[in-house]
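The chain contents come next:
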Amino acid sequence: MSSLPLSQYIFPNPVEADPEGHGFICIGADLTPSTLFEAYTHGLFPWFNEDEPICWWSPEPRCIIEPQAYHPSKSLLRTMKKQDYRITINQAFDRVMRCCSLPRNYTNETWISEDIIQGYCDLFDAGYAYSIEVWNEQILIGGLYGVAIGKGCFGESMFSTETDVSKMAFYTLMLIGQENQLPWIDCQLVNDHLLSLGASTISRQQYLKSLKNVIIAPAIDWKSYQERVFSSKTIAVNAQLNR
């Protein structure tokens, strides 16, 4: 993990900039690691279409999931035991992002542009982002990525090409969260899919207050995970990563 230079941008307090709670905070800046770090440590994240200027958001309420309260479904566990896929950490960050950027069956649009990919890959190289990959032999069939600062874990996007594979990556992330006693994993915007996985919402004020503490806590030792290859079957049977 490398030390980042100070950002040349100062982000406004989300509560003061958006007292009515619409979520949109400001526009502009760039996507360098220093700027992304500054944004996430102040409760903001970028979200905009490719042909738009950079927009920064801090939703009210905030969607989170508490790793300690997460319980995988029986159907997911059955699939994990049956397929026995390989699961890795931080082995294909760029590829996961590019797979997440592909059109979905419900839309051809994507907000994960080349600029977004470059910005987060640079953040990953600096040690402040992570990915979880699921493999069927040598084929990448699912995964997720996000930002990691201290004990703050911020989910960004996930993808899968086979049934339940993104949920396998998500379960792996929950186990990492449990092992490291993370108070929450940030899911940003609430939707039915996240709620079905066990997510909930808290007020933006609560989130920002908690954020101040988690970002200064000792960071997750991602290297200890990325040196291992995990088995979906073993994870499902033991409900742990068996480090």
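Figured I'd write up the structure that's included with this text. For clarity, every value in this text was computed on a predicted model and none was experimentally measured.

What to know about the sheet that holds strand S2 (residues 45–46)
The strands that make up a sheet pair up through hydrogen bonds in the backbone, lying either parallel or antiparallel.
For step 1, the next point in the chain: Across the sheet, which stays open at both edges, the 3 strands sit in the order S1-S3-S2 with antiparallel pairing between neighbours. If you trace the sheet from one side to the other, it starts and ends with strand S1 (24–27) and S2, each paired once.
For step 2, the next point in the chain: The sheet contact formed by S2 and strand S3 (residues 55–57) spans 2 bridges and is antiparallel. Within the sheet, the bridge partner assigned to Phe45 lies in S3 and is Trp57.

A word on the packing of aromatic side chains
For step 1, the next point in the chain: All told, the structure shown has 15 aromatic pairs when counted by the stated rule.
For step 2, the next point in the chain: Seen from their ring centres, Phe93 and Tyr145 are 5.8 Å apart, and the 80° between their planes marks the pair as edge-to-face. Residue Phe93 is found in helix H4 (residues 93–100), and its partner Tyr145 is found in strand S7 (residues 139–149); the two are separated by 52 residues along the sequence.
For step 3, the next point in the chain: For Tyr145, a relative accessible area of 0% gives the class buried.
For step 4, the next point in the chain: With a centroid separation of 5.0 Å and 40° between ring planes, the pair formed by Trp184 and Tyr207 is classed as tilted. Here Tyr207 lies in helix H8 (residues 204–214) and Trp184 lies in the loop between helix H6 (165–179) and strand S9 (185–188), a separation of 23 residues in the sequence.

Description of the sheet that holds strand S4 (residues 62–65)
For step 1, the next point in the chain: Reading across the sheet, the 8 strands line up as S10-S4-S9-S8-S7-S6-S5-S11 and stay open at both edges, with mixed pairing between neighbours. Among the strands making up the open sheet, the edge pair consists of strand S10 (200–202) and strand S11 (230–231).
For step 2, the next point in the chain: Relative to S9, S4 runs antiparallel, the two sharing 3 bridges. Bridged to Ile64 within S9 is Asp186.
For step 3, the next point in the chain: Contacts from H4 reach strand S6 (129–136), S7 and strand S8 (152–160) within the one sheet, and its direction differs from that of S7 by about 105°.
For step 4, the next point in the chain: Running over the sheet, H6 touches S4, strand S5 (86–89), S6, S7, S8 and S9 and is turned about 135° from S6.

Conventions and cut-offs
Residues numbered from 1 in each chain as written. Predicted model: local features only at pLDDT ≥ 70, side-chain atom pairs only at ≥ 80, totals over all residues. Heavy atoms only, no water. Pairing = 2+ DSSP bridges. Helix = DSSP H or I, 4+ residues; strand = E, 2+ residues; numbered from the N terminus. Phe/Tyr/Trp six-rings, centres within 6.5 Å; stacked < 30°, edge-to-face > 60°. Buried < 20%, exposed > 50% of the residue type's maximum accessible area, 1.4 Å probe, protein only. Contact = heavy atoms within 4.5 Å. Axes fitted to C-alpha atoms, helices over the stretch in contact; angles between N-to-C directions.

Without other data, these values stay purely geometric and don't point to any function.
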